[in-house]
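Read off the chains here:
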Amino acid sequence: MVCLYCGNETSVKNSRLQKRANAVWRRRECTECHATVTTLEKIDLATAVLVRTSRLTEPFSRDRLLVSIYESCKHRKDALGSSIALTDTIISNIYPHIKHAEVQKDVIIEESLKVLHAFDPAAGVYYAAYHPKTGTKK
Ligand SMILES: [Zn+2]
């Protein structure tokens, strides 16, 4: 990766595994101007994981999940910030259910409901009304 300030190469000075988020955090330093930047390496779920519904599979979309969570939280003042954090939590909770790069849509719905109900029961009720289970969970 190149430096944001001068365009020269950077090297990794420190790295940490974020186990829960299945991500690697890295501190990089420019070899020329010594500016530092932080990078976060994560699996690109959209290219790696399929969501199985009753009739088809489709690529996992964090954006789509975020929008559905935001819709459920939009009565709140902190809707956007909360929805981003809730989406990260839901994705962490989904990870153990991914098998052979696939996850059942109902697992995503169940985990979203659990997280929303614990955070704001009204958001959970709203989400449940718009996300009926597909009945595909094995
Ligand atoms: Zn630099």
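Just so it is clear, the model here is predicted, and its values are computed rather than measured. (Residues numbered from 1 in each chain as written. Predicted model: local features only at pLDDT ≥ 70, side-chain atom pairs only at ≥ 80, totals over all residues.)

A. Layout of the sheet that holds strand 5 (residues 57–59). With mixed pairing, three strands are arranged side by side in an open sheet as 5-4-6. The strands lining the two open edges of the sheet, one partner per strand, are strand 5 and strand 6 (102–104). Across this sheet, the average inter-strand angle for adjacent strands is 30°, counted without regard to direction. Taken strand by strand, helix 4 (residues 105–119) contacts strand 4 (50–52) and strand 6, and its axis lies near 65° from that of strand 6. (Pairing = 2+ DSSP bridges. Helix = DSSP H or I, 4+ residues; strand = E, 2+ residues; numbered from the N terminus. Axes fitted to C-alpha atoms, helices over the stretch in contact; angles between N-to-C directions. Contact = placed C-beta atoms within 7 Å.)

B. Looking closely at the environment of Ile 90. Along the chain, the position of Ile 90 falls in helix 3 (residues 79–94). Residue classification places Ile 90 among the buried positions, given that 21 C-beta atoms sit within 10 Å. Apart from the residues within four sequence positions on either side, Ile 90 is in contact with Leu 65, Glu 111, Ser 112 and Val 115. (Buried ≥ 20, exposed ≤ 12 C-beta atoms within 10 Å, placed from the backbone.)

C. A look at unusual backbone geometry. The backbone of His 34 shows a phi angle near 65°, a positive value even though the residue is not glycine. Phi at Ala 101 takes a positive value of approximately 60°, unusual for a residue other than glycine. Mapped onto the secondary structure, Ala 101 falls in the loop between helix 3 and strand 6. Judged by the 12 C-beta atoms lying within 10 Å of it, Ala 101 is exposed.

D. Layout of the nonpolar core. The biggest cluster of nonpolar side chains holds 16 residues, and the ones touching the most others in it are Leu 86, Ile 90, Ile 94, Val 103, Ile 108 and Leu 116. The greatest single-element share of this core, amounting to four residues, is contributed by helix 4. If near-sequence neighbours (up to four positions away) are discounted, Leu 116 is found in contact with Ser 72, Leu 86, Ala 123, Gly 124 and Tyr 127. (Core = buried A, V, L, I, M, F, W, Y, C linked by C-beta atoms within 7 Å.)

All quantities given are derived from atomic positions and should not be read as evidence of function.
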